[in-house]
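Below, each chain spelled out in residue letters.
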Amino acid sequence: MNYWRMSFRYGSGGESALAKCIEKGVAAANIFNDYNEPLPDLRDITESTFSKLWEEGEYNSPTARMTMCGMRYRMGVGDVIYAKENREMVSCGIITSEYDYDPNILDGEFEWPHFVRVNWDLNFKPVQALLGAERITLLRLNEGRIAELKRILEASGQSLLVPPVNPYSVYPDGQNKLQDCQQWGPGYPPQGVGSPDP
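Residues numbered from 1 in each chain as written. Predicted model: local features only at pLDDT ≥ 70, side-chain atom pairs only at ≥ 80, totals over all residues. Heavy atoms only, no water.

(A) Structural context of the side chain of Thr-67. Summarising the element assignment, Thr-67 is placed in helix α3 (residues 62–74). Thr-67 sits in the buried class, given a relative accessible area of 2%. (Helix = DSSP H or I, 4+ residues; strand = E, 2+ residues; numbered from the N terminus. Buried < 20%, exposed > 50% of the residue type's maximum accessible area, 1.4 Å probe, protein only.)

(B) Representation of the environment of Leu-131 within the structure. Within the secondary structure layout, Leu-131 lies in the loop between β7 (127–128) and β8 (138–140). The exposure class assigned to Leu-131 is buried, which follows from its relative accessible area of 8%. Residues Leu-131 and Ile-146, 15 residues apart in the sequence, show an inter-C-alpha distance of 8.9 Å. Sequence-distant contacts of Leu-131, that is, excluding residues within four places in its chain, are made with Arg-5, Met-89, Leu-141, Arg-145, Glu-148, Leu-149 and Ile-152. (Contact = heavy atoms within 4.5 Å.)

(C) Fine view of the pattern of salt bridges. Using the criterion set out here, one finds 11 salt bridges in the structure. In this structure, Glu-85 engages Arg-9 in a salt bridge whose closest nitrogen and oxygen atoms are separated by 3.0 Å. Here Glu-85 is found in strand β3 (residues 80–85), whereas its partner Arg-9 is found in the loop between β1 (3–7) and α1 (18–24), with 76 residues between them in sequence. Note on Glu-85: relative accessible area 13%, which makes it buried. Residue class for Arg-9 comes out partly exposed when judged on its relative accessible area of 27%. Put simply, Lys-20 and Glu-23 hold a salt bridge, and the shortest N to O gap is 3.1 Å. Remark: Glu-23 and Lys-20 occur in helix α1; sequence separation between them is 3 residues, near one turn of the helix. (Salt bridge = Lys/Arg side-chain N within 4 Å of Asp/Glu carboxyl O.)

(D) Local environment of the nonpolar core. Ranked by size, the top nonpolar core spans 36 residues in total, and within it Phe-8 and Ile-81 carry the most contacts. The element that contributes the greatest number of residues to this core is α3, accounting for 5 residues. (Core = buried A, V, L, I, M, F, W, Y, C linked by side-chain atoms within 4.5 Å.)

(E) Structural detail: helix α4 (residues 143–155). Compared with the 18 Å implied by 1.5 Å per residue over 13 residues, the 18 Å span of α4 between its first and last C-alpha is a close match. Where α4 is concerned, the buried positions are Ile-146, Leu-149, Ile-152 and Leu-153. End-on view of α4: buried residues confined to an arc of 125°, all on one side of the axis. Seen from the open side of α4, the exposed residues pointing more than 90 degrees away from its buried face are Glu-143 and Ala-155. On the buried face of α4, the contacting elements are β1, β3, β4 (88–95) and β7. Of the residues that open α4, the one with a side-chain oxygen 3.2 Å from the backbone nitrogen of Gly-144 is Asn-142. One or two residues past the end of α4 sits Gly-157, with phi positive at roughly 85°. (Expected span 1.5 Å × (residues − 1). Arc of directions from axis to C-beta. Polar contact = N/O pair within 3.5 Å; in protein donor to acceptor, adjacent residues only side chain to side chain.)

(F) Layout of unusual backbone geometry. For Asp-107, which is not glycine, the phi dihedral falls at a positive 55°. Here Asp-107 lies in the loop between β5 (100–101) and β6 (114–120).

(G) Structural view of the environment of Asn-119. Tracing the chain through its elements places Asn-119 in strand β6. You can call Asn-119 buried: its relative accessible area is 2%. Asn-119 sits 27 residues away from Cys-92 along the chain, and the two C-alpha atoms are 8.4 Å apart.

Geometry only, nothing functional implied.
So, in structure tokens, the structure goes:
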């Protein structure tokens, strides 16, 4: 399992797509080359083919390459993502799907068709958290950054998000009940994970 930090603004001062991503239950992104051509659907593209596509398509930003490579080939179901806005972590969630592509995933409000599904924690309280590498859109957090984020969250009365192995739990009375279902956004529980007994 990995922890990620992601920014949801287009460029350094562009409009934020985070609210729309939370509404749709996703973390989405898009990359354009020097000719304003978007990066194509990567669902059937291997990592080695991606490198060739990147070079031939004249996508020159190393940060953009890290973002798309991370989203397509490194993020996994059960990973935790923290959303960054300026100097704050403003939301967090659990990734519930592998990479997918849909030009209409954000209802046409943003041209960000590359995405993973996320169960966003709707009760998260924003905290100031500068973890370094602030200009990187998608960053896999190393142990030092995770420890610092944990310290910051605990100082604010919160804890580091740890995904449940299974969102359902059998209580002593024998009934299956969702754990903390009220705090999660669209798409909870993850598809195919822990269905309740009929």
